[in-house]
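Summary of structural features
Okay, here's what each chain looks like letter by letter:
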Amino acid sequence: GAGVSQTPSNKVTEKGKYVELRCDPISGHTALYWYRQSLGQGPEFLIYFQGTGAADDSGLPNDRFFAVRPEGSVSTLKIQRTERGDSAVYLCASSLRREGAGDTQYFGPGTRLTVL
Amino acid sequence: DQQVKQNSPSLSVQEGRISILNCDYTNSMFDYFLWYKKYPAEGPTFLISISSIKDKNEDGRFTVFLNKSAKHLSLHIVPSQPGDSAVYFCAARASNAGNMLTFGGGTRLMVKP
C-alpha cells in the first residue's frame, strides 16, 4: 500500500515568510508525528497527533510553529515568520498506535526547507 | 543532554563481513527500541525493533541485542552487503511518557565490495 507522503519535497523561502508543509499518513493510521532533522543530526520530535487532537506538542520550538490535523488524516505544519535557523528536513511519520504493543512509526520522505 | 547516543559517526566494513552498530541510552524509562536506515534524500526506513522484555530480536540478516543493565543496544548485520550502505539511526521510546521517539545522531555505514 501507499506509504507516508509529504509535499512539497523541497521548499525555499525568504526570512520572515510563512510556509505550510503537508503530510498524508498511511491509510488507517490514527497517530501522526512531525520531526525535524538538522544536518548531521538525528530527527527531533516536534508534535504528535492522536486522531484530530495534538496529544503532545512539547517539541515545538516556539509559537511560530503550529500544526493541525482537522479531519484526523492529513496534517499541515505551519511556520510563521521563518528564520534561517528553521532550515532543516521536516519529517512526518504515522503509526497504528496500538496500546500495549510495540508501535512502529513509518516515515515519509521529508520536506527540505531552506530559509534564505 | 542527549538521551540516545551513537558514538561512532561512521563505520566501514568489507562486503560479507559483520557490521556492528552501537547505541547507548541514559533514560531508564525507555522500553521500546527501533533501528531505522536512511538513504540520502529519503525518509528513515524502519528496520527492526525490540521490546525491553527481550534481549534479542532477529530478522534475516539483522539482529538487535539489548543489554538493559548497561543501557546499550547493538545492531548486527551479517553478512553485510553494499546495499546496506546508509545512515543508521537508533531510536527509543518510553511508553508512559508519550509516543515520541528519541533518536541518536546516526552512524554512517559503508560496505565496500
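The structure reproduced in this document is the subject of the present report. (Residues numbered from 1 in each chain as written. Chains lettered and ligands numbered in written order. Predicted model: local features only at pLDDT ≥ 70, side-chain atom pairs only at ≥ 80, totals over all residues. Heavy atoms only, no water.)

1. Examining the overall build of chain A
Here is the rule: Helix and strand labels come from DSSP, where a helix needs a run of H or I of at least four residues and a strand needs a run of E of at least two; each type is numbered from the N terminus. Only the C-alpha atoms count toward the radius of gyration. The rule for a globule is 2.2 Å times the residue count to the power 0.38. Under the scheme applied here, a residue whose accessible area is under 20% of the maximum for its type counts as buried, over 50% as exposed, and between as partly exposed, the area being computed with a 1.4 Å probe on protein chains only. Two residues qualify as a contact provided that any one of their heavy atoms is within 4.5 Å of a heavy atom in the partner residue. Using the Shrake-Rupley algorithm and a 1.4 Å probe, accessible areas are obtained, with residue cover drawn only from the displayed protein chains. A positive count includes Lys and Arg, and a negative count includes Asp and Glu. His and the chain ends are not counted in either. Working definition for charges: the position is that of NZ of Lys, CZ of Arg, CG of Asp or CD of Glu.
Along the backbone of chain A there are 0 helices and 11 strands. Of the regular secondary structure in chain A, the N- to C-terminal order runs β-β-β-β-β-β-β-β-β-β-β. Computed over its C-alpha atoms, the radius of gyration of chain A comes to 14 Å, within 12% of the 13 Å expected for a compact globule of 116 residues. In terms of overall dimensions, chain A has a C-alpha envelope of 45 × 25 × 25 Å along the principal axes. For chain A, with 116 residues in total, the buried portion stands at 46%. Pairs at least 24 residues apart make up 54% of the contacts formed inside chain A by residues separated by at least 6 positions. For chain A, the exposed area adds up to about 5600 Å²; of that, 47% sits on carbon and sulfur atoms. For chain A, the separation between the mean place of its 13 positive charges and that of its 12 negative charges on side chains is 6 Å.

2. Examining the pairing of strand β4 (residues 32-38) of chain B
Side-chain positions along a regular strand alternate between the two faces of the sheet. Residue and element names in this part refer to chain B. The following threshold applies: Strands are labelled as partners when DSSP assigns at least two bridges between them.
Of all 7 residues making up β4, 7 are buried, and the element is well covered by its neighbours. Both faces of β4 are covered, namely the face carrying Tyr 32, Leu 34, Tyr 36 and Lys 38 and the face carrying Phe 33, Trp 35 and Lys 37. In this sheet, strand β5 (residues 45-51) lies alongside β4 in antiparallel orientation, the contact comprising 6 bridges. Counterpart to Leu 34 in the pairing with β5 is Ser 49. Once β4 ends, the chain turns through 6 residues before running back antiparallel as β5, passing Ala 41 with a positive phi of about 65 degrees. As defined by bridge partners, β4 adjoins strand β9 (residues 86-93) across 7 bridges and the pair is classed as antiparallel. Paired with Trp 35 across the two strands is Cys 90, which belongs to β9.

3. Describing the layout of surface pockets
Rule in force here: Space inside and on the surface of the protein is sampled on a 1 Å grid over the protein atoms alone, with a cavity defined as a set of points where a 1.4 Å probe fits but cannot get out and a pocket as an open set with protein on both sides within 12 Å along at least 5 of 7 lines; lining residues have an atom within 4 Å of a point. Grid points are joined across faces, edges and corners, and a volume is the space filled by probe spheres set on the points. Amino acids are sorted into nonpolar (Ala, Val, Leu, Ile, Met, Phe, Trp, Tyr, Cys and Pro), charged (Asp, Glu, Lys and Arg) and polar (every other residue, Gly among them).
Quantified by volume, the largest pocket comes out at close to 720 Å³. Residue lining of the largest pocket: 32 residues in total, with Gln37(A), Leu39(A), Gly40(A), Lys38(B) and Arg108(B) positioned closest to the centre. At the level of secondary structure, the elements contributing two or more residues to the lining of the largest pocket comprise β9 (88-95) and β11 (111-115) of chain A together with β9 and β11 (107-112) of chain B. The element that contributes the greatest number of residues to the lining of the largest pocket is β11(B), accounting for 4 residues. Of the residues assigned to the lining of the largest pocket, the class counts are 14 nonpolar, 14 polar and 4 charged.

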